[in-house]
Amino acid sequence: VSRVADVVNIPFTIGGGIRTVEDARRVLEAGADKVTINSAGVKNPPLFSQMAAELGRANTVCAIDAKRKGSSWTVLVKGGRVDAEIDAIEWAKKVTDLGAGELLVTSYDRDGTGDGFDTELLSRIKNVVSVPVIASGGAGTLSSFCDAVRLGRADAVLAASVFHFGIFSIRDVKLALA
């Protein structure tokens, strides 16, 4: 984390392997701006309250990896390998009530497909929370970014492969969103 902080001049969030407030504190002290948790939060929901109280709500991000299950979505943990059998919409409400100041919502049904963000999932979550929501999973066209914001009401969008493989530049996306 400290090596990344030394070479980038943009805010960044670190997740993966954060299981305690002390783990999160070390990552923030090393230079990350925010910390995200998923599996550890599902296993120990009070961790969101503890992190928010000790490190600040703005630094406490809940990653929600969601997969459609019938007419709703379920929360996945352990890198998407395990169904936690928790309704993703209810979980979004609960973690923000506990102290998560931001949600990173990844649609496992759309991730890597290029079929567009799951705007229904995003919109349903935005209906029950007042914190910023970051859309993840499914970027494929410039209009998919716009749809995530307009239809899904996402506050931010995240993409990887479209940038890694040079399909779009960050400038292209910014211009489309503008």
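Residue numbers here run from 1 along each chain, matching the order of that chain's written sequence. Per-residue local features are limited, in this predicted model, to residues with pLDDT of at least 70; the limit for side-chain atom pairs, both in listing and counting, is 80 or more; totals at the level of whole chains, interfaces and linings are taken over all residues. Hydrogens are left out, water is left out, and the side-chain values use all remaining heavy atoms of the structure.

A look at the overall build of the protein chain
Rules: Secondary structure elements follow DSSP: runs of H or I no shorter than four residues count as helices, runs of E no shorter than two count as strands, and numbering proceeds from the N terminus. It is over C-alpha atoms that the radius of gyration is taken, and the globule rule equals 2.2 Å times the number of residues to the power 0.38. Working definition: with a 1.4 Å probe on protein chains only, accessible area under 20% of the residue-type maximum means buried, over 50% means exposed, and in between means partly exposed. A contact between two residues is defined here by any heavy atoms of the two lying within 4.5 Å. Areas reported as accessible are Shrake-Rupley estimates using a 1.4 Å probe. Residue values count occlusion only from the protein chains shown. In this tally Asp and Glu are treated as negative and Lys and Arg as positive; neither His nor the chain ends contributes. Lys charges are placed at NZ, Arg charges at CZ, Asp charges at CG and Glu charges at CD.
Scanning the protein chain for helices and strands turns up nine helices and eight strands. What you see for the protein chain is a C-alpha radius of gyration of 16 Å, in line with the 16 Å of a compact globule of 178 residues. In terms of overall dimensions, the protein chain has C-alpha extents of about 45 × 40 × 30 Å along its principal axes. Evaluated residue by residue, the protein chain yields a buried proportion of 42% over its 178 residues. Long-range contacts, defined here as pairs at least 24 residues apart, represent 57% of the contacts in the protein chain between residues at least 6 apart. A total of about 9100 Å² of accessible surface is found on the protein chain, and carbon and sulfur atoms cover 51% of it. With 21 positive and 21 negative side-chain charges, the protein chain shows a spacing of 1 Å between the two charge centroids.

Looking at the side chain of Ser144
Note the threshold: Under the rule applied, a polar contact is a pair of N or O atoms within 3.5 Å (in protein, one hydrogen donor and one hydrogen acceptor; residues adjacent in sequence only if both atoms are side-chain atoms).
Structurally, Ser144 is set in helix H7 (residues 142-150). Classification of Ser144 as buried rests on a relative accessible area of 4%. Within the structure, the side chain of Ser144 is placed 3.2 Å from the backbone nitrogen of Gly140, a separation counted as a polar contact.

What about a nonpolar patch on the surface?
As a reminder, the rule being used: Within the patch definition used here, like charges are joined within 9 Å and nonpolar side chains (Val, Leu, Ile, Met, Phe, Trp, Tyr) within 5 Å, considering only residues with over 30% relative accessible area and no salt bridge. Any Lys or Arg side-chain nitrogen found within 4 Å of a carboxyl oxygen on Asp or Glu counts as a salt bridge.
Taken together, the side chains of Val4, Val7, Val8 and Ile10 make up a nonpolar region of the molecular surface, amounting to roughly 350 Å² of accessible area. Examined against the element boundaries, Val8 turns out to sit in the loop between helix H1 (2-7) and strand S1 (13-15). Accessibility expressed as a relative area gives 34% for Val8, which makes it partly exposed.

So, the pattern of salt bridges
The full count for this structure, using the stated rule, is eleven salt bridges. For Arg26, the salt bridge is made with Glu22, and the minimal N-O distance between the two is 4.0 Å. Of this pair, Arg26 and Glu22 both sit in helix H2 (residues 21-29), four residues apart, which is roughly one turn of that helix. Between Glu54 and Arg25 there is a salt bridge, and its shortest N-O distance comes to 2.8 Å. Residue Glu54 is found in helix H4 (residues 46-55), and its partner Arg25 is found in helix H2; the two are separated by 29 residues along the sequence. For Arg25, a relative accessible area of 22% translates into the label partly exposed. Put simply, Glu22, Asp23, Arg25, Arg26 and Glu54 are held in one network by salt bridges that share partners.

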